[in-house]
Amino acid sequence: MERALELELLTELLAMAEPGPAAAAPQDWLIPVEQYTCPKFYKAEQRALFQGLPLVVGHTSELKEPGDFLTHDAAGIPLLLVRSPDGEVRAFLNVCRHRGTQLVSERRGNARAFVCRYHAWSYELGGALLRVPRRDCFPSLRDEDAGLVRVPLAERCGLLFVQPGGRGAKLPIDSYLGPLAAELTGLGLGTHVVHHEATGRRPANWKLLIDAFLEGYHVRSLHRETISRFFLDNVLVRSLPPHSRSIGARKTLLQARELPPERWDLRAMTTPFYLLFPNTILVFHPDWVTLLTIFPDGPEHLLYHHRMLIPRPPETEEQRRYWDKTFQLIEGSVFQREDLAIAESIQAGLRAGADSHFRIGQIEAAVKWFHDEVAQRVAPLL
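So, here is what we can say about the structure in this document.

How each quantity is defined
Residues numbered from 1 in each chain as written. Predicted model: local features only at pLDDT ≥ 70, side-chain atom pairs only at ≥ 80, totals over all residues. Heavy atoms only, no water. Helix = DSSP H or I, 4+ residues; strand = E, 2+ residues; numbered from the N terminus. Rg over C-alpha atoms; globule rule 2.2 N^0.38 Å. Buried < 20%, exposed > 50% of the residue type's maximum accessible area, 1.4 Å probe, protein only. Contact = heavy atoms within 4.5 Å. Areas by Shrake-Rupley, 256 points an atom, 1.4 Å probe, with all protein chains shown as cover. 1 Å grid on protein atoms, 1.4 Å probe; cavity = no way out; pocket = protein on both sides within 12 Å on 5 of 7 lines; lining within 4 Å. Points joined across faces, edges and corners; volume = space filled by probe spheres on them. Nonpolar A, V, L, I, M, F, W, Y, C, P; charged D, E, K, R; others polar. Pairing = 2+ DSSP bridges. Axes fitted to C-alpha atoms, helices over the stretch in contact; angles between N-to-C directions. Disulfide = S-S within 2.5 Å. Core = buried A, V, L, I, M, F, W, Y, C linked by side-chain atoms within 4.5 Å. Phe/Tyr/Trp six-rings, centres within 6.5 Å; stacked < 30°, edge-to-face > 60°. Lys NZ or Arg CZ within 6 Å of the ring centre and 35° of its normal.

**With respect to the overall build of the protein chain**
Logical step 1: The number of helices and strands found in the protein chain is 9 helices and 20 strands.
Logical step 2: Against the globule reference of 21 Å for 382 residues, the protein chain gives a C-alpha radius of gyration of 23 Å, in line with a compact fold.
Logical step 3: For the protein chain, the spread of C-alpha atoms along the principal axes amounts to about 85 × 55 × 35 Å.
Logical step 4: Taken across its 382 residues, the protein chain has 51% of its residues classed as buried.
Logical step 5: Long-range pairs, those at least 24 residues apart, make up 64% of the contacts in the protein chain with a sequence separation of at least 6.
Logical step 6: Of the accessible surface of the protein chain, which amounts to about 17,900 Å², a share of 52% is contributed by carbon and sulfur atoms.

In structure tokens:
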């Protein structure tokens, strides 16, 4: 993030923290509850969002060396990502071209080649067909027709983006990210490494968890025993279509009143949140980053992958204990017991049919922007 933008954001947040009456909200909005429960809406989301858009499926530090690979199934299409000997990361459908077996079953690892456990057809790290046992039994087989099917992938800002329903190699990620690419690069996301991760499946629509990261209205109540003591009520939100940025003011922001602007520090005085549409949340804590990807698993269940990104691998046992304790606070207390628990509670409450719509206040504007974007992309498929 450019220094001029940092100062602009901090100046605006500091002004919001000045005492005085809050400006009256010009309006509020309604969101149909059926968007969290309707099977037809879910199927349209799968096609429009989770097959047709760039999705974050990993961090570049997870594929360091040639042969390092990741598999990813949460988007509904089995994927295989691998760093090839030439240093490029490639993505393929994780499917053997002989009889359709899922080629790699491990979550991650390192390989010299990929060998199907069914009939031992094997493939190079670049996806080309390498070996076919009893090749003489397949007289019409052409190697160029039987390599792994490539899926569009891009490596930007330390993140690995894949379009699961696409074909080929190119992914126009720069146009999709727009100005966020420079912001995320400037915040050092690409130089971080994954230290901890947690995954799970929970009984809640995926959008309920996204909603929770798009507003600060709930922090004082839901998080009153954990993180609320660090924050002011002020949140500065900006729409960067189709994405959004929210900057939550930490109590340390008030120190800026006594400091010259050259000593203002965005990461120390605020917590920036980014939604990379449709399903990735980035939270820039003072000294580490939350990378959270959320996928639907049916209308009323979600899959989450929570990664902790730290500036560099721990060099001492003391550093390791610090990062371990920090992750457990966020994952175990804040995320599991508060954010996920409230999403499950809402989903259970929806079955009662008390409301046909949710009412969204002006201070929850980013929630409105998110649902408008979803509805616009899903509408042609309904």
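**Here's the deal with the layout of surface pockets**
Empty space left among the atoms is revealed by rolling a probe the size of a water molecule over them.
Logical step 1: Space inside the largest pocket adds up to approximately 860 Å³.
Logical step 2: Lining the largest pocket are 40 residues; nearest its centre among them are Ile227, Phe231, Arg250, His285 and Ile330.
Logical step 3: Contributing elements (two or more residues each) for the lining of the largest pocket: helix H6 (219-222), strand S14 (231-240), strand S15 (243-250), strand S16 (270-276), strand S18 (289-296) and helix H8 (317-350).
Logical step 4: A class-by-class count of the residues in the lining of the largest pocket yields 20 nonpolar, 12 polar and 8 charged.

**A short note on the environment of Pro278**
Logical step 1: When you line up the elements, Pro278 lands in the loop between S16 and strand S17 (280-284).
Logical step 2: Among the residues examined, Pro278 registers a relative accessible area of 0% and is labelled buried.
Logical step 3: Each C-alpha atom of the pair Pro278 and Thr293 lies 9.4 Å from the other, and the pair is 15 residues apart in sequence.
Logical step 4: In this view, Pro278 contacts Leu49, Leu53, Pro54, Leu55, Tyr176, Trp206, Ile210 and Phe370; residues no more than four positions away in its chain are not counted.

**Observations regarding the environment of Cys157**
Logical step 1: In this structure, Cys157 sits in the loop between strand S11 (153-156) and strand S12 (159-162).
Logical step 2: For the pair Cys157 and Leu184, spaced 27 residues apart in sequence, the C-alpha separation works out to 6.1 Å.
Logical step 3: Contact partners of Cys157, with chain neighbours within four places excluded, come to Leu177, Ala181, Leu184, Thr185, Leu189 and Gly190.

**Remarks on unusual backbone geometry**
Logical step 1: In this structure, the amide linkage connecting Pro241 to the following residue, Pro242, adopts the cis form with an omega of 0°.
Logical step 2: Of the consecutive residues Phe277 and Pro278, the connecting peptide bond is found in the cis state with omega at 10°.
Logical step 3: Its identity as a non-glycine residue notwithstanding, Ala120 has a phi of 70°, on the positive side.
Logical step 4: For Ala120, the location among the structural elements is in the loop between strand S7 (114-115) and strand S8 (122-123).
Logical step 5: We classify Ala120 as partly exposed; its relative accessible area is 28%.
Logical step 6: Backbone geometry at Arg134 places phi at a positive 50°, although glycine is not the residue there.
Logical step 7: Note on placement: Arg134 falls in the loop between strand S9 (129-131) and strand S10 (150-151).

**A short note on the sheet that holds S18**
Logical step 1: Taken in spatial order, the 7 strands make up an open sheet running S13-S19-S18-S17-S16-S15-S14, and their pairing is antiparallel. Every other strand in the sheet has two partners, leaving strand S13 (193-202) and S14 as the edge strands with one partner each. Neighbour to neighbour, the strand axes of the sheet diverge by 15° on average, direction disregarded.
Logical step 2: Across 6 bridges, the pairing between S15 and S16 is antiparallel.

**Overview of the state of the cysteines**
A disulfide bridge is the covalent bond that connects two cysteines by way of their sulfur atoms.
Logical step 1: Counted under the stated rule, the structure contains 0 disulfides.
Logical step 2: Just so you know, Cys96 is unpaired, no disulfide at all, and the nearest cysteine sulfur is the one on Cys116, 3.9 Å from it.
Logical step 3: When its relative accessible area of 4% is taken as the criterion, Cys96 is described as buried.

**Thoughts on the nonpolar core**
Logical step 1: Counting residues in hydrophobic clusters, the biggest one holds 77 residues, and the most contacted among them are Phe213, Leu276 and Leu282.
Logical step 2: With 6 residues, helix H9 (residues 365-378) is the largest single contributor of residues to this core.
Logical step 3: Sequence-distant contacts of Phe213, defined by excluding residues within four places in its chain, comprise Phe273, Ile281, Val283, Leu292, Phe335 and Asp339.
Logical step 4: Val82, Ala111, Tyr123 and Val132 belong to the second largest nonpolar core, which has 17 residues in total.

**Quick notes on the packing of aromatic side chains**
Logical step 1: Applying the stated criterion across every chain, the model contains 10 aromatic pairs.
Logical step 2: For the ring pair Tyr36 and Phe358, a centre distance of 5.3 Å and an interplane angle of 55° mean the geometry is tilted. One end of the pair, Tyr36, is in the loop between strand S1 (29-32) and helix H2 (39-48); the other, Phe358, is in strand S20 (residues 357-360), with 322 residues separating them in the sequence.
Logical step 3: Plain terms: the ring middles of Tyr274 and Phe284 are 5.8 Å apart, the flat faces sit at 80° to each other, and that makes the pair edge-to-face. Of this pair, Tyr274 sits in strand S16 while Phe284 sits in strand S17, and the two are 10 residues apart along the sequence.
Logical step 4: Clustering of aromatic rings is evident, with ring pairs tying together Phe50, Trp206, Phe277, Phe295 and Phe370.
Logical step 5: A cation over an aromatic ring shows up here: Lys207 above the ring of Tyr36, its NZ or CZ 5.5 Å from the ring centre.
Logical step 6: Note that Arg250 overlies the ring of Phe231, its terminal NZ or CZ placed 5.2 Å from the centroid.

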